[in-house]
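# Summary of the model geometry
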Amino acid sequence: MLKKTLLALVSALGIAATSPVAWAGKDLDAVKQRDTLICGVAPGTAGFALPGSDGQWSGFDVDLCRAIAIAILGTPEKTRYVPLSDQVRFATLSAGEVDVLTRTATWTLQRDASLGLDWTGVNFYDGLALLVRKDLGVKSAKELDGATICLPQGGTGEAHFRSYYEGLEKTFTPIAFESQAELVSAFFAGRCDALGYDSSGLAGFRATRAPKPDDYVILPERIAKSPLGPVVREGDARFADIVRWTLFALVTAEELGVTSKNIDSPEIRDTKNPTIRQLLGFTPGNGKALGLRESWAYDIIKHLGNYGELFERHLGKDTVLGLERGLNDLYTRGGLQYAPPL
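To keep things clear, this report deals only with the structure shown in the data block. Not measured: the values here are computed from a predicted model.

Looking only at helices and strands, one finds 14 helices and 13 strands in the protein chain. Here the C-alpha atoms of the protein chain give a radius of gyration of 22 Å, agreeing with the 20 Å that 2.2 N^0.38 yields for 342 residues. Taking the principal axes of its C-alpha atoms as reference, the protein chain extends roughly 75 × 50 × 40 Å. Within the span of the protein chain, comprising 342 residues, buried residues form 49% of the whole. Nonlocal contacts in the protein chain, meaning residues at least 24 apart in sequence, comprise 70% of its contacts between residues at least 6 apart. Only carbon and sulfur atoms are counted for the fraction: they give 54% of the accessible area of the protein chain, which is about 15900 Å². Looking at the protein chain, you have 37 positive and 41 negative side-chain charges, and the mean spots of the two groups are 4 Å apart.

Next up, the structure:
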């Protein structure tokens, strides 16, 4: 009797765990009612989020925002971008002035546990690094004893550099700047020996802001880990799930070889691969589970491509940044990008 009761309980729990929940929270409702997704982005960072002369934004972070908009609203055009400094990004999100931050903040325990915000994944694995002039003759961060380092105000950089140099029994002098524009201008004007920032940002500053990019070098050390990804407010689990699985859909598509170019080919349309069929909504269920139409992931990949396509379009070897995939390659190729199963 007890065994039958336990089996019935397990069965009931299994059904409950896999049944779709037909509710939406306040943040998802607000996006739908507004008919626009508002994304907080870095203030003009090459390759990630940059407004063109026509006012249209483009970049890796922008495409993630567009992907989320496609999932919820069916089109990438219903988006708005708000450039946010390090000092105000969390307060702006908490206040509801933006719906999501895309890759603007490092995921740490203290932030995750104390800000009332949720990191929904990592779309870019980065690391805190230093940019210096080549004529300084420095090959390593360890050689910068007593150096002045330009840093963004309100970030985690100063604490990381202090820990790093104290461990080496060396010193440095931080010079903090409120805006990114002031920070970068000060460094290239020679006010600091080095510029401390995530390595991807440094690559962008060197490529687009340096008087002569070849005169500058990013030192090899990564002072601290910088896992970067989309951030939402706590309290709307359904919206967080959609943001999270939008990222995972992009990664899964690359794992499966589904691209914007082949998605409508007979090879994909007629595939017997059950995971591809689930991803693209040919086999229904995932859309219903998230409260979305079944074609949500298909529409994202059709419009924008998979994770690798986004990376190569904005950050890869044929762009001004010229970044290698590195840690952001798929786990099957030695990187860290890995999506849970559908």
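This paragraph deals with helix α8 (residues 199-208). The element α8 is extensively covered by neighbouring structure, given that 7 of its 10 residues are classed as buried. Inspection of α8 places Ser-199, Ser-200, Gly-201, Leu-202, Ala-203, Gly-204 and Phe-205 among the buried residues, and these make up the whole buried set. Contacts from the buried residues of α8 go to β7 (124-133), α7 (180-188), β10 (194-198) and β11 (216-218).

Our next topic: the packing of helix α3 (residues 60-73) against helix α9 (residues 237-256). The interhelical angle for the contact between α3 and α9, taken along N-to-C directions, is 115°, at an axis separation of 10 Å. Helix-helix and strand crossings are classified by hand; for α3 and α9 the assignment is right-handed. Two secondary-structure elements touch here, α3 through Leu-64, Ala-67, Ile-68, Ala-71 and Ile-72 and α9 through Phe-239, Ile-242, Val-243, Thr-246 and Leu-250. When the residues that make up the contact of α3 with α9 are grouped by side-chain class, the tally is 9 nonpolar, 1 polar and no charged.

Here we come to the nonpolar core. Of all hydrophobic cores here, the largest spans 75 residues; its most connected members are Leu-37 and Leu-280. With 11 residues, the single largest contributor to this core is α3. Setting aside residues no more than four positions away along its own chain, Leu-280 makes contact with Val-258, Ile-263, Ile-268, Glu-294, Ser-295, Tyr-298 and Ile-301.

Let us now look at unusual backbone geometry. Its identity is not glycine, yet Asp-35 carries a phi of approximately 65°, on the positive side. Take Asp-35: it is sitting in the loop between α2 (26-34) and β1 (37-41). If you check the backbone angles, Glu-169 has positive phi at about 55° while not being a glycine. For Glu-169, the location among the structural elements is in the loop between α6 (157-167) and β9 (172-177). A relative accessible area of 74% places Glu-169 in the exposed class.

Counting buried residues in β7 gives 8 out of 10 residues, a clear majority hidden from the surface. Sheet topology note: the β7/strand β12 (residues 224-228) ladder contains 5 bridges and is antiparallel. In the sheet register, Asp-126 faces β12, and the bridge partner there is Ser-226. As paired strands, β7 and β10 are joined by 5 bridges and run antiparallel to one another. Paired with Leu-130 across the bridge in β10 is Gly-196. In the sheet, β7 pairs with β11 via 3 bridges, with the strands oriented antiparallel. Directly across from Leu-131, in β11, lies its bridge partner Ile-218.

What counts, and at which threshold
Residues numbered from 1 in each chain as written. Predicted model: local features only at pLDDT ≥ 70, side-chain atom pairs only at ≥ 80, totals over all residues. Heavy atoms only, no water. Helix = DSSP H or I, 4+ residues; strand = E, 2+ residues; numbered from the N terminus. Rg over C-alpha atoms; globule rule 2.2 N^0.38 Å. Buried < 20%, exposed > 50% of the residue type's maximum accessible area, 1.4 Å probe, protein only. Contact = heavy atoms within 4.5 Å. Areas by Shrake-Rupley, 256 points an atom, 1.4 Å probe, with all protein chains shown as cover. Lys, Arg positive; Asp, Glu negative; His and termini not counted. Charge placed at Lys NZ, Arg CZ, Asp CG, Glu CD. Axes fitted to C-alpha atoms, helices over the stretch in contact; angles between N-to-C directions. Left-handed = near helix turned anticlockwise from the far one by under 90°. Nonpolar A, V, L, I, M, F, W, Y, C, P; charged D, E, K, R; others polar. Core = buried A, V, L, I, M, F, W, Y, C linked by side-chain atoms within 4.5 Å. Pairing = 2+ DSSP bridges.

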